[in-house]
Every structure is written in C-alpha cells, then in structure tokens.
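# Fold and geometry: a report
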Amino acid sequence: MRRARPGAPPRGTAERALTSVEAGADFDEARDRSTERRTETTTETREVREAREARAREQPVSKLWHITLSVSGVESPLKEVRRGLEQLAHDHPFLLTSRYANDHAEIRYWEEARDLHDAAAVALRLWGEHRQTAKLPPWEIVGLEVIDRETYHQRIAEGYGPPPAAPVGVHPY
C-alpha cells in the first residue's frame, strides 16, 4: 500500500512527460464501430456521419510484406561484412535474418506498407540509405522478392520457398 497525500503524484514522476503515439487506422475503425450504436440516439447529422464514414473508407490499410533482398559485389573481408550487417540489423530493427559471404548477402525482413509498390520502394532504398551509416560494402542490389503475408505462410505450409527465418540474426552461408 502506498502512503501519500491524496492527489499527490507518486514519487519520481514529477519530471516525467507523457508522449502520445498516433493510433492506426484499425483504432479509428474500432472506435467508429463502437459509436455506431450510439449514433441513433445522438444528434449527429447525416452529413457529419457520411463525412466520417468517407474518411474511414479513404484511409489506406497497410499490410505486412515479407522482403528478401539480395546484394552482391566485389569481395570484402568477412569480418567487415558481418559487422556491417549487424549494424544494419541494429539500425533497422525489423530485420529478421541475414546470410552473407565475402561477395554477396541476403537480407530477410518484414515491412509494413500500403501495397506491394510501397514495400518494394522501401526495400530498394534500404541498402543505399544504410550503406554509409552501417559501413556496408559497396555492393549493388541483384535481387528482390516481395510477397504478402498470406503467400509467405502458404509457401511455408506447402513446403515451398525459403525456410522460416528461425535463426534470427546475422549468419554466414
């Protein structure tokens, strides 16, 4: 049991500041569904309700996409390749697994995007944008696969495609 004056904040919280995080489209949809029952009894006009419903329809719904990015180039020391990929995994926390050799690497991760075009665009920028900060080798992208979550799980269930990324992390070939 905490002993304090009524209304006094708990010790150590005087300096804390709350931050807000924007809720996703799913939050708005859930809120709208819960208020639909109350709309019949409130004074909301049909125009206001229609405008709210139109906004909900216009919001893009994002999906998860499984990305496999293959890069290749001139040989680099294995230690430097590994260190660069580990830094990339630190900079890009959604990285699942990386496999590497001294002249090529494969990076697998999940990306959240509205559609395949957006997911592919982000994936194609990943290597170049992190090349300097992660000190990655000066390799170029030689392959890209972008598939939706359902296709990924269907391939795994049927025994096709890459094995699940169970060994999360950076591994040599």
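Quick note: structure is the one above.
Heads up: these notes are all about the structure in this document. (Residues numbered from 1 in each chain as written. Predicted model: local features only at pLDDT ≥ 70, side-chain atom pairs only at ≥ 80, totals over all residues. Heavy atoms only, no water.)

### Quick notes on the overall build of the chain
Assigned secondary structure in the chain consists of 5 helices and 5 strands. Reading the chain from its N terminus to its C terminus gives the helix and strand order α-α-β-α-β-β-α-β-α-β. When the 173 residues of the chain are sorted by exposure, 27% land in the buried category. Relative to all contacts within the chain whose residues are 6 or more apart in sequence, the contacts with residues 24 or more apart total 70%. Summed over its atoms, the accessible surface of the chain is roughly 12500 Å², and 53% of this surface lies on carbon and sulfur atoms. (Helix = DSSP H or I, 4+ residues; strand = E, 2+ residues; numbered from the N terminus. Buried < 20%, exposed > 50% of the residue type's maximum accessible area, 1.4 Å probe, protein only. Contact = heavy atoms within 4.5 Å. Areas by Shrake-Rupley, 256 points an atom, 1.4 Å probe, with all protein chains shown as cover.)

### Concerning the sheet that holds strand β3 (residues 104-113)
Here we have 5 strands laid out as an open sheet, ordered β4-β1-β3-β2-β5, and mixed in their pairing. Edge positions in the sheet fall to β4 (140-148) and β5 (169-172), since each has one partner strand and no second. Averaged over all pairs of adjacent strands, the angle between their axes in this sheet comes to 15°, without regard to strand direction. In this structure, strand β2 (residues 95-100) lies alongside β3, joined through 5 bridges in antiparallel fashion. Each bridged residue has a counterpart across the sheet, and for S98 the counterpart in β3 is I107. Set on the sheet, helix α4 (residues 116-130) makes contact with β1 (63-72), β3 and β4; between it and β4 the angle comes to about 150°. Relative to β4, helix α5 (residues 149-158) is tilted by about 90°, and along the sheet it contacts β1, β3 and β4. (Pairing = 2+ DSSP bridges. Axes fitted to C-alpha atoms, helices over the stretch in contact; angles between N-to-C directions.)

### Thoughts on the pairing of β1
Two elements, β1 and β3, share 10 bridges in a ladder whose sense is antiparallel. In the strand pairing of β3, S72 is matched with H104. Direction of pairing for β1 relative to β4: antiparallel, over a ladder of 8 bridges. Bridging from a neighbouring strand, S70 pairs with G143 of β4.

### A short note on the nonpolar core
Counting residues in hydrophobic clusters, the biggest one holds 23 residues, and the most contacted among them are I67, L85, L88, I107, Y109 and W127. When residues of this core are traced back to their parent elements, those giving at least two are β1, α3 (78-91), β2, β3 and α4. Per-element accounting of this core gives the leading share, 5 residues, to α4. Each residue touching I107, except ones within four places of it in the same chain, is listed here: I67, T68, L69, L85, L88, L95, T97, S98 and W127. (Core = buried A, V, L, I, M, F, W, Y, C linked by side-chain atoms within 4.5 Å.)

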